[in-house]
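Fold and geometry: a report
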Amino acid sequence: MNELESKLWDAADILRGELNAAEYKDYIFGLLFLKRMNDEFSVERAALAQEYRDQGLPKEEIGELLEDPDTYRSFFVPGRARWESLRGLTLDIGPALDKAFRAIEDTPRNSELSGVLTTANYNDKERVSDRKLSQLLVLFDGLSLDRAHLESKDMLGDAYQYLIKEFADQGGSKGGEFYTPTEVVKTMVRILKPQEGDRIYDPTCGSGGMLIQSIEYIREEHGNEKNVSLFGQEINLSTWAICKMNMIFHNALGADIRKGDTIRDPRHIEGGTIMTFDKVLANPPFSLKNWGREEAAHDPYGRFVYGIPPKSYGDLAFVSHMVASLNARGRMVTVIPHGVLFRGGAEGKVREGFIRDDLVEAVIGLASNIFYGAAIPAALLVINKAKPAERKGKILFIDASEDYVKNGNKNKLRDEDIARIVETFDAFEDVERYASVVDLETVRKNDCNLNISRYVDTSEPEEKIDIPAVIADIWEIKGKAAVTEAKLNRYLRELGFDEL
């Protein structure tokens, strides 16, 4: 843990005990964002003041220009939200912070932050006292979060990701609502291979880790991560706000992250139809009930052409939405529970449609207990609307369920596990007891059952038995037994007993 991460975790320590992780994270993230915004604003304000002085502008005019939000390239911090007016507060801190966040959001220059900073109620002394808020202000006052004081441009974004993971760890099953383990996200992104110019979409984006990982992948591959368009939707208001801040901390300004229910109210609409994307990736909620089956039956966007999933399992509803959100060359990968692969009824009909249109490119089984809030094993489903010719009519099945390391009470993919999955996917070839390429005719004969164990035999081969050697061993044992019996009978006779 570096010093910044340690300091930020100290902030959580101040609130821990009175609130659970799912609650106190909103307060920490809000103050972190406020301090960062103020520090960046102060740097830009000082630079502008110097620039105006160099131009010989009078003091009064400089003052007016510095209070004009449109003067600034980045966000504008109104007077009541400035750190110097908040840092020394000891009483009624909550109301002051609420007003500060509201003032920031109400500034037209900050329209991108609308609704982001006011999700937490700081004016709730039953939950967060003035004493606790004062401690937090003192702690954040000791942090310099402008770019010049950070070792790298990614340092704050990395620290933010660190906090999200720690809050997920602390939040137990609740953590799964906003965080997908980084190792799983890396695997998904490396399968998709996003590139410059792509439109990338996560319809259940949580804290935005998959979108962030996508731009980091493009940068690692020496692409320009600025030349990519990011889109996401999140139903949970607090998580949506975390995602928005996450994008800003990672300099992904312009990422189009919207609030709402993806199934009932998809927000990325273009010309009355669902927007389409080059790459789509997601970790939707597992087996969601009451997911919106009634609305799906009258879906105006035609997303459920392969059938409507059952009311009790919403998994394939999200997959259907993702398929509809792919453009003609698009590829997607999503996390699914294994039941989706073999359950019959309505789900079987949807699978049959995917297979009929040759959309399924790969099914990859992961180890159990990897995800927060779900100990059951999960799989990755890869769908490609433009399969290369050599992959048409085939599906690759990978069983990576034994590839993991124990990490506390969870399991975790190692770097070598990720590399093996991605290399096998790229090669699209059989690997003994690990992967199998299966033609669609075989899958159809199995009633479109995509259960991995049907196609990948992971059992250890039985050891070959050398029958002549075994017989020889038996004869040797019998010979030794006969000699022993003869000796025993001799001793019995000498002692006057009957032989055996």
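In this report, we go over the structure that sits alongside the text.

Cut-offs and rules
- Residues numbered from 1 in each chain as written.
- Predicted model: local features only at pLDDT ≥ 70, side-chain atom pairs only at ≥ 80, totals over all residues.
- Heavy atoms only, no water.
- Helix = DSSP H or I, 4+ residues; strand = E, 2+ residues; numbered from the N terminus.
- Rg over C-alpha atoms; globule rule 2.2 N^0.38 Å.
- Buried < 20%, exposed > 50% of the residue type's maximum accessible area, 1.4 Å probe, protein only.
- Contact = heavy atoms within 4.5 Å.
- Areas by Shrake-Rupley, 256 points an atom, 1.4 Å probe, with all protein chains shown as cover.
- Lys, Arg positive; Asp, Glu negative; His and termini not counted.
- Charge placed at Lys NZ, Arg CZ, Asp CG, Glu CD.
- Expected span 1.5 Å × (residues − 1).
- Axes fitted to C-alpha atoms, helices over the stretch in contact; angles between N-to-C directions.
- Parallel < 35°, antiparallel > 145°, perpendicular 65-115°, else oblique.
- Nonpolar A, V, L, I, M, F, W, Y, C, P; charged D, E, K, R; others polar.
- Disulfide = S-S within 2.5 Å.
- Salt bridge = Lys/Arg side-chain N within 4 Å of Asp/Glu carboxyl O.
- Polar contact = N/O pair within 3.5 Å; in protein donor to acceptor, adjacent residues only side chain to side chain.
- Pairing = 2+ DSSP bridges.
- Patch = residues over 30% accessible without salt bridge, like charges linked within 9 Å, V, L, I, M, F, W, Y side chains within 5 Å.
- Left-handed = near helix turned anticlockwise from the far one by under 90°.

**Quick notes on the overall build of the protein**
When its secondary structure is counted, the protein shows 17 helices and 13 strands. Over its C-alpha atoms the protein spans a radius of gyration of 30 Å, topping by over 25% the 23 Å that the globule rule assigns to 500 residues. With respect to the principal axes defined by its C-alpha atoms, the protein has extents near 125 × 65 × 45 Å. Evaluated residue by residue, the protein yields a buried proportion of 52% over its 500 residues. Across the protein, the fraction of contacts at a sequence separation of at least 24, relative to all contacts at a separation of at least 6, is 74%. A total of about 23,600 Å² of accessible surface is found on the protein, and carbon and sulfur atoms cover 49% of it. One finds the centroid of the 65 positive side-chain charges in the protein at a distance of 2 Å from the centroid of its 84 negative side-chain charges.

**Remarks on helix 5 (residues 93-106)**
Between its first and last C-alpha atoms helix 5 spans 20 Å; for 14 residues at 1.5 Å apiece the expected length is 20 Å, and the two agree. Among the residues making up helix 5, those that are buried are Ile 93, Gly 94, Ala 96, Leu 97, Ala 100, Phe 101, Ala 103, Ile 104 and Glu 105.

**What about the packing of helix 1 (residues 3-15) against helix 6 (residues 130-141)?**
In contact at an axis separation of 10 Å, helix 1 and helix 6 are set at 175° when each is read in the N-to-C sense. When the interaxial angle is binned, helix 1 and helix 6 end up roughly antiparallel. For the pair helix 1 and helix 6, the contacting residues are Lys 7, Leu 8, Asp 10, Ala 11, Ile 14 and Leu 15 in the first and Lys 132, Gln 135, Leu 136, Leu 139 and Phe 140 in the second. A per-class count over the contact of helix 1 with helix 6 returns seven nonpolar, one polar and three charged.

**Focus on the state of the cysteines**
For the coordinates displayed, the defined rule picks out zero disulfides. There is no disulfide at Cys 205, and the cysteine sulfur nearest it, in Cys 243, is 3.9 Å away.

**Here we look at the pattern of salt bridges**
By the definition in use, this model includes 32 salt bridges. Lys 35 is the partner of Asp 39 in a salt bridge, and the nearest nitrogen-oxygen pair spans 2.8 Å. You can see Asp 39 and its partner Lys 35 sitting in helix 2 (residues 21-54), four residues apart, about one turn around the helix. Each of the two residues, Asp 39 as well as Lys 35, counts as buried. One network of salt bridges, with partners in common, ties together Arg 45, Glu 67 and Arg 82.

**Observations regarding the side chain of Asn 38**
Checked against the element boundaries, Asn 38 lands in helix 2. For Asn 38, the side chain forms a polar contact with the main-chain nitrogen of Trp 83, separated by 2.8 Å. If we ignore the near neighbours within four places in the chain, the residues touching Asn 38 are Val 77, Ala 81, Arg 82 and Trp 83.

**With respect to unusual backbone geometry**
Outside of glycine, negative phi angles account for most residues, and trans bonds account for most peptide bonds. Residues other than glycine seldom take positive phi values, yet Asn 251 does so here, at roughly 60°. Positionally, Asn 251 belongs in the loop between helix 10 (237-249) and strand 3 (256-259). Residue classification places Asn 251 among the partly exposed residues on the basis of a relative accessible area of 21%. Positive phi, close to 60°, is recorded for Cys 448, a residue that is not glycine. Mapped onto the elements, Cys 448 comes out in the loop between helix 16 (440-445) and helix 17 (467-494).

**Examining the sheet that holds strand 10 (residues 394-399)**
Here nine strands make up an open sheet; going across it, the order is 3-2-1-6-7-9-8-10-13 and the pairing mixed. Every other strand in the sheet has two partners, leaving strand 3 and strand 13 (435-439) as the edge strands with one partner each. Pairs of neighbouring strands in the sheet enclose a mean axial angle of 15°, with direction left out of account. In this structure, strand 6 (residues 277-282) lies alongside strand 7 (residues 326-337), joined through five bridges in parallel fashion. Its bridge partner being in strand 7, Val 280 is matched across the sheet by Met 332. Each of strand 6, strand 7, strand 8 (360-365) and strand 9 (378-384) touches helix 8 (residues 182-192); the most contacted strand, strand 7, lies at about 155° to it.

**Concerning the side chain of Glu 234**
With respect to the secondary-structure elements, Glu 234 resides in strand 2 (residues 229-234). Although buried, Glu 234 forms no salt bridge, and the nearest oppositely charged side chain, Lys 25, lies 9.5 Å from it. With sequence-adjacent residues up to four places away left out, Glu 234 is seen in contact with Thr 204, Cys 205, Gly 206, Thr 239, Trp 240, Arg 258, Lys 259 and Gly 260.

**Observations regarding the environment of Ala 435**
Positionally, Ala 435 belongs in strand 13. Sequence spacing of Ala 435 and Ile 452 is 17 residues, and the spatial spacing of their C-alpha atoms is 9.2 Å.

**A word on the pairing of strand 8**
Counting buried positions along strand 8 gives six out of six residues, so the element sits mostly inside the fold. Pairing of strand 8 with strand 9, which is carried by five bridges, proceeds in the antiparallel orientation. Within strand 9, the residue paired with Val 360 across the bridge is Ile 383. Summarising the sheet, strand 8 and strand 10 pair through four bridges and their orientation is parallel. Each bridged residue has a counterpart across the sheet, and for Ala 362 the counterpart in strand 10 is Leu 396.

**Observations regarding a nonpolar patch on the surface**
Where nonpolar side chains cluster on the molecular surface, the patch consists of Ile 465, Ile 467, Val 470, Ile 471, Ile 474 and Trp 475 and spans about 620 Å² of accessible area. Note that Trp 475 resides in helix 17. Among the residues examined, Trp 475 registers a relative accessible area of 57% and is labelled exposed.

**Observations concerning the packing of helix 8 against helix 15 (residues 415-427)**
Helix 15 packs onto helix 8 with a crossing angle of 20° between their chain directions and a minimal axis gap of 10 Å. As far as their axial angle goes, helix 15 and helix 8 are roughly parallel. For the pair helix 8 and helix 15, the sense of crossing is right-handed. Of helix 15, the residues touching helix 8 (which contributes Glu 183, Lys 186, Thr 187, Arg 190 and Ile 191) are Ile 418, Ile 421, Val 422 and Phe 425. Split by residue class, the contact of helix 8 with helix 15 holds five nonpolar, one polar and three charged.

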